[in-house]
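Here is what each chain is made of, one letter per residue.
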Amino acid sequence: MTDLLKTRLHRRTVLQAASVGAVGVSPALRALVHAQGSDAPEKKEVKIGFIPLTDCASVVMASVLGFDKKYGVTIIPTKEASWAGVRDKLVNGELDFAHVLYGLVYGVHLGTAGPKKDMAVLMGLNHNGQAITLSKALADKGAVDGPSLAKLMAKEKREYTFAGTFPTGTHAMWMHYWLAAAGINPLSGAKLITVPPPQMVANMRVGNMDGFCVGEPWNHRAIMDGIGITANTTQDLWKDHPEKVLGTTADFVKKYPNTTRAVMMAVLEASQWIDASLSNKMKMAETVAGKAYVNTSVDAINQRILGRYQNGLGKTWDDPNHMKFFNDGAVNFPYLSDGMWFLTQHKRWGLLKDHPDYLGVAKQINQVDLYKSVASAMKINVPKDPMRSSKLLDGVVWDGKDPAKYADGFKIKA
C-alpha cells in the first residue's frame with residue numbers, strides 16, 4: 001500500500017483492510033483504489049428522490065451514515081411530494097435516481113404511466129411492510145377484512161372509494177388484487193383514486209375515502225389517530241413481495257456506469273446495516289421520523305419495522321414477515337418474475353391493451369447482470385434463478401412461467 005493511499009484512507013478503513021489482509025482486499029479499499037483510476041464515479045454528487053415512507057430508509061441511511069462517501073459519491077436525498085412528481089423529475093433528469101414504486105418504473109418504460117422513457121430497476125429496496133387500511137366508520141359496521149367488506153358493500157349500496165398512490169404502482173395493484181380476491185370488482189364495483197402517501201390519513205379523516213393501500217408509517221398512523229384499522233398487511237397478500245426499488249433511466253446507467261455502481265453499493269451497505277440489529281432499526285426509525293424525511297413521531301415507525309403489529313381493533317401480533325431491507329440479499333436482487341408480475345396486473349386491469357413481451361421487457365428494465373457484479377464485489381449472496389415462485393392471498397401461484405395465461409386466468413379483470 002502506498003503512502004498516498006494510506007493518507008487517503010479513513011483510519012477505520014485501514015483497520016478493515018488490515019483485518020482482511022490474508023483473505024483479500026476489503027470492498028471499501030477496493031472501492032477507494034477504483035476511485036483513483038478509471039472506475040471513479042463520473043458524477044460525485046447525485047440526487048435521489050424519495051417519498052416520506054419508512055421504506056426510503058436505506059437511501060436516507062446511506063447518506064446519513066456516510067456509506068456514500070466510502071464509495072466516492074455524495075448522495076443528496078430529495079424529498080418529493082408525490083409519485084407523479086418523482087416520475088417527472090426522473091424522466092427530465094432533475095433526479096438521478098429515486099426510491100420508487102416498482103410498477104411506476106414499468107409504467108414509464110411502456111408509456112402507461114405518462115411519458116414513455118426507457119427505465120432501469122437497479123435493485124430492490126424492501127420487501128413487505130405496506131397495508132390495507134379501512135376507515136373506522138366501515139369497521140364499526142363490521143367491515144374489517146375483504147369478505148366482511150364485500151358483505152357490507154352488497155347490503156349498503158353506495159359509491160365506495162379506495163385510494164392507491166399511483167395508477168401503475170404497487171399500492172394500486174395490491175388494492176385491486178385484494179378487492180378482487182374478496183369478490184369485489186375494483187373497476188365496476190368501487191371507485192379508485194390516487195392520493196400521495198403522506199396525505200392518506202388526512203383524506204380519510206375528512207371522509208374522502210373508505211380505504212387505502214399505502215406504505216408505512218401511514219397505516220399505523222391511521223390507527224394511532226383513531227380513524228382507521230388494518231384489514232390486511234401486504235405480506236398477507238404475498239409473503240416477501242417486491243415493493244420499492246432503486247430506479248433510474250436507462251440513459252443514466254449507460255452514461256454514468258461507475259456512479260451507478262457506487263450508489264448501488266452505498267445503498268446495499270445501508271440495507272445490510274438496517275437489518276443487522278434491532279438497535280440499528282431503532283436508530284433508523286429515529287432518523288427517518290425527522291422533519292427532513294418522513295416527518296412523523298418515532299413511535300409511528302418503530303413498532304412495525306420490528307414486526308410488532310396491532311390492527312386498531314384490539315388484536316396484536318408479532319409478524320416475522322415485516323419490512324425487510326436486506327434479508328441476506330434476497331430483498332435486493334431484481335428478480336425478473338417480480339417485474340413481470342406487475343405487467344400481468346397492468347394487463348389484467350386494462351392498463352395494457354395487449355400482452356407485452358413479459359420476459360423481454362423485464363430483461364430490458366431489471367439490471368440483473370449489473371446487480372450481480374455489484375453483489376459479487378460486496379460478497380453478497382445472489383439467488384441462482386432470476387425467477388421465483390409465490391402463492392398469493394387467493395391461492396393462485398405466480399412463478400413467471402406463463403404470464404399471459406396467468407394474466408388472463410383471473411375471474412375478475414378488465
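Above this text is the structure in question.
Just so we're clear, the structure is a prediction, and the values are computed from it rather than from any experiment.

Draft legend 1. Spatial organisation of the pairing of strand β5 (residues 130–135). Within β5, 6 of the 6 residues are buried, which leaves the element mostly enclosed by the surrounding structure. Across the two faces of β5 the burial is the same, with Q130, I132 and L134 and A131, T133 and S135 all buried. As judged from the 5 bridges shared by β5 and strand β8 (residues 211–215), these two strands associate in the antiparallel manner. Within the sheet, the bridge partner assigned to Q130 lies in β8 and is G215. In the sheet, β5 pairs with strand β9 (residues 228–233) via 5 bridges, with the strands oriented antiparallel. Within β9, the residue paired with A131 across the bridge is T233.

Draft legend 2. Quick peek at the packing of helix α10 (residues 170–181) against helix α18 (residues 336–348). Packing of α10 against α18 brings their axes to within 11 Å, and their N-to-C directions diverge by 60 degrees. In terms of crossing hand, the pair formed by α10 and α18 is left-handed. Only W341, F342, Q345, H346 and R348 of α18 make contact with α10, whose side of the interface consists of T170, M173, W174, Y177 and A180. When grouped by side-chain class, the residues that make up the contact of α10 with α18 number 6 nonpolar, 3 polar and 1 charged.

Draft legend 3. Broad picture of the state of the cysteines. The final tally for this structure, using the stated rule, is 0 disulfides. Cysteine C213 is unpaired, with the sulfur of C56 as its nearest cysteine sulfur at 17 Å. With relative accessibility at 0%, the residue C213 sits in the buried group.

Draft legend 4. Structural detail: the sheet that holds β8. Sheet architecture is open: 5 strands sit in the order β7-β6-β8-β5-β9, paired in mixed fashion. Edge positions in the sheet fall to β7 (191–194) and β9, since each has one partner strand and no second. Between one strand axis and the next, the sheet turns by 30 degrees as a mean value, whatever way the strands run. The pairing of strand β6 (residues 161–164) with β8 spans 2 bridges and is parallel. In the sheet register, A163 faces β8, and the bridge partner there is F212.

Draft legend 5. Fine view of the nonpolar core. Core analysis: the largest hydrophobic core is formed by 128 residues, its most contacted members being L149, L246 and W341. Among the elements that make up this core, the one with the highest residue count is helix α15 (residues 257–276) (10 residues). Leave out the neighbours within four places in its chain, and W341 touches M173, W174, Y177, W238, L392, W398 and Y406.

Draft legend 6. Molecular detail of helix α6 (residues 83–92). Buried residues of α6: W83, V86, R87 and L90, and no others. Projected down its long axis, α6 carries its buried residues within an arc of 100 degrees, all on one side. On its buried face, α6 is in contact with β3 (97–101), α7 (102–110), β4 (119–124) and β10 (244–249).

Draft legend 7. Expanded view of the sheet that holds β4. On the basis of which strands lie adjacent, the open sheet formed by 5 strands has the order β2-β1-β3-β10-β4 and mixed pairing. For this open sheet the edge positions go to β2 (74–79) and β4, each flanked by a neighbour on one side alone. Within this sheet the neighbouring strands show an average axis-to-axis angle of 30 degrees, counted without direction. For β4 and β10, the ladder comprises 5 bridges, and the chain directions are antiparallel. Looking across to β10, one finds that M123 is bridged to L246.

Draft legend 8. How the structure looks around the environment of A404. Along the chain, A404 falls in helix α21 (residues 403–408). You can call A404 partly exposed: its relative accessible area is 25%. Spatially, the C-alpha atoms of A404 and G72 are 44 Å apart, while their sequence positions differ by 332 residues.

Draft legend 9. Structural detail: the packing of aromatic side chains. This model, assessed by the stated rule, comprises 17 aromatic pairs. Between Y177 and W341 the ring centres are 6.0 Å apart and the planes differ by 45 degrees, which places this aromatic pair in the tilted class. Note that Y177 is positioned in helix α10 and W341 in helix α18, a separation of 164 residues in sequence. You can call W341 buried: its relative accessible area is 0%. Taking the centre distance of 5.4 Å and the plane angle of 25 degrees together, the rings of Y309 and W317 count as stacked. With a relative accessible area of 3%, Y309 lands in the buried category. Judged by its relative accessible area of 23%, W317 is partly exposed. Three or more aromatic residues link up through ring pairs in this structure, and these residues are Y102, Y106, W174, Y177, W238, W341, F342, W398, Y406 and F410. Stacked on the ring of Y160, the Lys or Arg R158 has its end atom at 3.9 Å from the ring centre.

Thresholds applied
- Residues numbered from 1 in each chain as written.
- Predicted model: local features only at pLDDT ≥ 70, side-chain atom pairs only at ≥ 80, totals over all residues.
- Heavy atoms only, no water.
- Buried < 20%, exposed > 50% of the residue type's maximum accessible area, 1.4 Å probe, protein only.
- Helix = DSSP H or I, 4+ residues; strand = E, 2+ residues; numbered from the N terminus.
- Pairing = 2+ DSSP bridges.
- Axes fitted to C-alpha atoms, helices over the stretch in contact; angles between N-to-C directions.
- Left-handed = near helix turned anticlockwise from the far one by under 90°.
- Contact = heavy atoms within 4.5 Å.
- Nonpolar A, V, L, I, M, F, W, Y, C, P; charged D, E, K, R; others polar.
- Disulfide = S-S within 2.5 Å.
- Core = buried A, V, L, I, M, F, W, Y, C linked by side-chain atoms within 4.5 Å.
- Arc of directions from axis to C-beta.
- Phe/Tyr/Trp six-rings, centres within 6.5 Å; stacked < 30°, edge-to-face > 60°.
- Lys NZ or Arg CZ within 6 Å of the ring centre and 35° of its normal.

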